[in-house]
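Reading the structure
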Amino acid sequence: MSDYVARLTVFQRIQHIAVFLTFFLLVVTGMPLKYPQAWWSIEIVKLLGGLANRALLHRIAGVGIIVVGLVHIFYYLIIDRAPLLRRPIMFTPKDIFDMLRSIGYAFRLTNEPPRMGRYTWGEKMEYWSVAWGTSLIAATGLVMWFKEIALQYITLPIFQLFWMLHSYEALLATLTVFFGHFYTVHYSPRFFPGSLIFLHGRMEMEEMEEMHPLELEEIEREKPELIEHKMPMRRIQGFVYALNRRIWALGIVVFLIFIAMTVIAFVDLFKYWFIGV
Amino acid sequence: MRRLGVMRSGNLKLVLCLVLIISLVPLVNAQGIDQEVPLDPTNIRDYCYTCHSNQPDTRLNTPPREWSKSIHAANDVTCDQCHGVFHSKLRKGLTKRQYVAVCTKCHQLDGSAAGRAEPGFYTLGTQIANPPKVSFVHGIAREGAAEPAVCVDCHGAHAITDVDDASSWVSRENIIQTCGGRGESECHASKKVADEYGISNAVESYLRNTFHGRYYQHGDKDVPTCRECHADTSSDAHNVLPSADSRSPVNPANVKKICANCHGDKMLTAKITGSMHLDLSKVPLLLSTATKKTRPYYIGPIHILTLGKLYIIQTIAIVLFIILLLNILDLSDKIGEKTRGTEEEEGEIEEGTEEGE
């Protein structure tokens, strides 16, 4: 039995769950308004119980994700007072080289994958995308919510720009999550049907050695108590492992089906990308 | 030439026929549609229905079917009042000019005849003959343009019902399609018309680039359609004018009042500039080379919405190249790892059993 490393605190796990619940609610209630001419659009609004419900749920979820964001900011400003710029989530010059090496490794140009620390360059980009995207969407969303007040200070063209940014940042976030993040934690043969790190916060030793070797070295050196010798959430995790051994190939099929479905859902909308807000 | 030859040959039958036809001409009134017909309207309807209702050809029976449900049928405005009684003259329908003449017979500005008083109709009626400089926009045949919209282009010819009736062409349910253009007429849903008149593709931009249009497509009953902003329906529904005209409801000086109708009095002090009808295909990707720059959208040579357009490109680039490409490359790696892993496991098991034996 392999060892596990405790990586995510309970607070971090709760934040993640809160973000993805509000995020999915926002996507489901938002996209029908971005693409009213899509075949799934009317059906989703019906499922939500009408336009008024859609608007209400979108605002509730929006307030929810803003609250999560504010809690996050205040926690790391007030309670956890480590110097901001020296946190492991900050970009360093090494990330550029790591990224180039990762791309080179993916294209078989080099046989050595990069050795990364607490957060890989991809994880840092994901984190800062979420931070930037949420800030932008929250700000523009509030402007659109309180348009009567906002239009006292900004002109209609600026308002339209805000709307456009809200709309396309949302699409970007949705596609990034469904193709990028979902691949790494759901469709990937290593994890399909899904990684449970978001629940127990423990990462397998082999995965640590591959993804975060520098962090592992540091933990072994300074905090060996974080290394646990038992499988977390034994029942469920064992079941997921067993499932993964049998149906990992299905993940690839699901991934491809998902891409196909997205193309089908958006195919008649692609031609409007450049003329629609 | 051949015909002359026949006449010279003295064909008696033909000459008699010609005489007969010529002798009938006084009966067929030369003034056509303006002729008072001393016939009972119900009779004339039955007369038309002989062919136009009992035949299977839809081209023949559609007009009376539509008319029978119309507000004109309810008010005993029968076929002859618009078409006259002389089939040979009107079998190909009315021309645009004739339509105006026909409708204004009853629908006058002063309301003296039947029908409501509509200033738009009046100006339309006089404009065709002598177009003034600025007036009802649909009544003006602009320079180099085709014929303008007349009554029937918006209201339909036979299926005219009350504006509050859902089946009316100008009802809330149908107005978008009507302004977009029905039948053969290309109007505000057509890029050709938009370019020709130098206006935006209004229906397209309404449906795609306004919340009003998006809610409308979801069946919202409260959002404004064309007429709530472009025609002041409380006084004169025909007062559709270019936004540059100071009498237009969407003129910059008036538009805030229109917004305030739904959004409240705060809108009276809002900074409403630019256009609700956004056409992003006209937004440049980088700097604009256009000589005519609409003021509120440009900061120097930069179009405000260029940033939004760059965001679209960013979306496509990130999703396609980084995520899809890197993931698919990673996939082959992980499949290799997985299949290798299974072989090793099986190998171990086999070794184990051997040792056990």
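Residues numbered from 1 in each chain as written. Chains lettered and ligands numbered in written order. Predicted model: local features only at pLDDT ≥ 70, side-chain atom pairs only at ≥ 80, totals over all residues. Heavy atoms only, no water.

Turning our eyes to something else, we now look at the overall build of chain A. Helix and strand counts for chain A come out as 11 helices and three strands. Ordered by position in the sequence, the α and β elements of chain A form the string β-α-α-α-α-α-α-α-α-β-α-α-β-α. Taking the principal axes of the C-alpha coordinates as reference, chain A spans close to 60 × 45 × 40 Å. Counting only residues that meet the buried cut, chain A has 45% of its 277 residues in that class. Taking contacts inside chain A between residues at least 6 apart in sequence as the whole, the part at least 24 apart equals 72%. (Helix = DSSP H or I, 4+ residues; strand = E, 2+ residues; numbered from the N terminus. Buried < 20%, exposed > 50% of the residue type's maximum accessible area, 1.4 Å probe, protein only. Contact = heavy atoms within 4.5 Å.)

All names here are of chain A. Spatial strand order, E2-E1-E3: three strands in an open sheet with antiparallel pairing. Of all the strands in the sheet, the pair left with one neighbour each is strand E2 (202-204) and strand E3 (227-228). Pairing geometry for strand E1 (residues 4-6) and E2, over three bridges, is antiparallel. Bridge assignment links Val 5 to a residue of E2, and that residue is Met 203. (Pairing = 2+ DSSP bridges.)

This part is about the packing of aromatic side chains. Given two aromatic rings, one states the distance between the centres and the angle between the planes to describe the pair. Residues and elements named next belong to chain A. One pass over the structure, following the stated rule, counts 18 aromatic pairs over all chains. Ring centres of Tyr 35 and Trp 40 lie 6.4 Å apart, and the angle between their planes is 80°; on these two criteria the pair is classed as edge-to-face. Residue Tyr 35 shares its accessibility class with Trp 40, and that shared class is buried. Judged by centre distance (5.4 Å) and plane angle (85°), the rings of Phe 178 and Phe 258 are edge-to-face. Remark: Phe 258 occurs in helix H11 (residues 234-270) and Phe 178 occurs in helix H7 (residues 156-187); sequence separation between them is 80 residues. Assessed through its relative accessible area of 19%, Phe 178 is described here as buried. (Phe/Tyr/Trp six-rings, centres within 6.5 Å; stacked < 30°, edge-to-face > 60°.)

Below, the discussion takes up the nonpolar core. Core analysis: the biggest nonpolar cluster contains 42 residues, and A:Tyr35, A:Trp40, A:Leu171, A:Phe179, A:Phe255 and B:Leu305 have the highest contact counts within it. Those elements that provide at least two residues to this core are helix H1 (10-34), helix H3 (51-79), H7 and H11 of chain A together with helix H17 (306-356) of chain B. In this structure, A:Met144, A:Phe159, B:Ala260 and B:Ile272 belong to the second largest nonpolar core, which totals 14 residues. (Core = buried A, V, L, I, M, F, W, Y, C linked by side-chain atoms within 4.5 Å.)

Worth remembering: the numbers are spatial, not functional.
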